[in-house]
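What follows is each chain in one-letter form.
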Amino acid sequence: MLPKAVKVKFPSHLKKGAVVVQVNACSNSCVFCNPERVRRRPSREELQVIGEDMARQARELRRRRFNLVEISGSDPIEYPGIVSFVRYLKRDLTFTGVQLSTHGRSLHDAALVKALKSAGLDALKIPLYGSRPCVHDAVTQEKGSFRETLEALENVRRHAPKMLVMVSSLIVRQNCRDVRHIYRVASRYAFVVSFSVPCIDRSRPDKRFALSFAAMRPQLLALLKDRKKDNRVRLVIADVPFCVFGFFQPQIINLSGPPATAGTYGMPDAYRSSVERLPTYRVKIKLPACARCAFTDRCGGFYQAYAELFNIKDARPLSL
Ligand SMILES: C[S@@+](CC[C@H](N)C(=O)[O-])C[C@H]1O[C@@H](n2cnc3c(N)ncnc32)[C@H](O)[C@@H]1O
């Protein structure tokens, strides 16, 4: 019998920042991220520059007294020196906790799981977009990605049972009807299962993946209902305003933003918004009725791109 997911929590006073790895060679080509399936393996020289950039970002975060670090980007596990980098973060820079946010497919190789564990990795965040190959692979646009992701999750449970595993999912047209099943599969492996909606880059011509809040509402309500029967795993629903559900629940979170990044991480100019360090596709807006909602202080509002795409002009304010 395999051990259950463990509850490892870092004290809440610890500060978390993120190192963004720009390898631009993700093995997944998710419909909301890389619909054109553009991929270019970096040269040795480019990898050298990427490695130096990662270390620079990490050193800056540590200087600014961050104790927890997330390694994210597109995709960090494709950086060949990832194991040494984790070791560098833990042993040389003495971060208390290191999280790797990755598609995780390469962890279908148990040797990599063991190497990351022995380098000191504390947490993994891995996306699951379907409970079956045909759903997950339709979102990642990569055949075989579901099989590798599940093998990876199995390997982590088997070889690194103390690793804090979080499984994340994004709700899109391709997987909307599968949301409850995704939660069921993910909760076999994870301590936290989170659902959110993909940000929409307004300059992208094809937005067919995006689903309106009204269309996803029945699935989300069913998920919350199922969840009541099994509270072993923490469920988080993010970036969906409370008024979409019609009630407040603490596991619905609509205030948190992306983690802090180092000043040396350069956001592409095309994505700079009027809010410092927030890319245009993450900007949220409040609608007229939000001012009358009892939960307005706990809600960030609607993604501007969703409001525009689905012509959301107002909200239904909630009362206490
Ligand atoms: C940017 S990726 C980096 C880690 C890794 N490449 C991955 O696929 O998990 C981190 C997470 O952001 C999410 N993501 C990707 N594109 C997104 C988008 N357009 N809006 C919101 N989240 C997105 C994915 O679910 C992914 O798990």
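Residues numbered from 1 in each chain as written. Predicted model: local features only at pLDDT ≥ 70, side-chain atom pairs only at ≥ 80, totals over all residues.

A. Just the site of the ligand, in detail. Residues in contact with the ligand amount to 16 residues; listed here are only the nearest, Cys33, Asp75, Pro127, Pro198 and Cys199. For the shell around the ligand, a count of residues per class yields seven nonpolar, eight polar and one charged. (Near = placed C-beta within 6 Å. Nonpolar A, V, L, I, M, F, W, Y, C, P; charged D, E, K, R; others polar.)

B. Quick look at the packing of helix α6 (residues 179–186) against helix α7 (residues 213–227). As a packed pair, α6 and α7 sit with axes 8 Å apart at the nearest point and diverge in direction by 35°. In this structure, α6 uses Val179, Arg180 and Tyr183 to contact α7, whose residues at the interface are Gln219, Ala222, Leu223 and Asp226. Of the residues that constitute the contact of α6 with α7, the class distribution is four nonpolar, one polar and two charged. (Axes fitted to C-alpha atoms, helices over the stretch in contact; angles between N-to-C directions. Helix = DSSP H or I, 4+ residues; strand = E, 2+ residues; numbered from the N terminus. Contact = placed C-beta atoms within 7 Å.)

C. The packing of helix α3 (residues 110–119) against helix α5 (residues 145–159), seen in detail. α5 packs onto α3 with a crossing angle of 50° between their chain directions and a minimal axis gap of 9 Å. Relative to α5, α3 is oriented oblique. Here α3 runs over α5; the crossing is right-handed. Listed contacts from α5 to Ala110, Val113, Lys114 and Lys117 of α3 are Asn155, Val156 and His159. Here the residues of the contact of α3 with α5 are counted per class, giving three nonpolar, two polar and two charged. (Parallel < 35°, antiparallel > 145°, perpendicular 65-115°, else oblique. Left-handed = near helix turned anticlockwise from the far one by under 90°.)

D. How the structure looks around helix α1 (residues 44–63). In a regular helix each residue adds 1.5 Å, so 20 residues correspond to 28 Å; α1 covers 29 Å between its end C-alpha atoms and thus fits that length. If you follow the buried residues of α1, they end up packed against β1 (16–21), β2 (68–73) and α2 (82–92). In the segment just after α1, Arg65 is the residue with positive phi, at about 70°. (Expected span 1.5 Å × (residues − 1).)

E. Highlighting the environment of Leu116. Mapped onto the elements of the fold, Leu116 is located in helix α3. Residue Leu116 is classed as buried on the basis of its C-beta count, with 25 C-beta atoms lying within 10 Å. For the pair Leu116 and Val86, spaced 30 residues apart in sequence, the C-alpha to C-alpha distance is 7.3 Å. Ignoring sequence-local partners within four residues, the contact set of Leu116 consists of Val83, Val86 and Leu121. (Buried ≥ 20, exposed ≤ 12 C-beta atoms within 10 Å, placed from the backbone.)

F. Seen up close, unusual backbone geometry. Geometrically, the link from Ser74 to Asp75 is a cis peptide bond, its omega value of -15° lying close to zero. Locating Asp75 in the fold gives a position in the loop between β2 and α2. In this model, Arg37 sits at a positive phi of 60°, which is unusual for a non-glycine residue. Mapped onto the fold, Arg37 is located in the loop between β1 and α1. Taking the number of C-beta atoms within 10 Å as the measure of exposure, Arg37 has 10 and is therefore exposed. Despite not being glycine, Asn311 shows a phi value in the positive range, around 55°. Mapped onto the elements of the fold, Asn311 is located in the segment after α9 (304–309).

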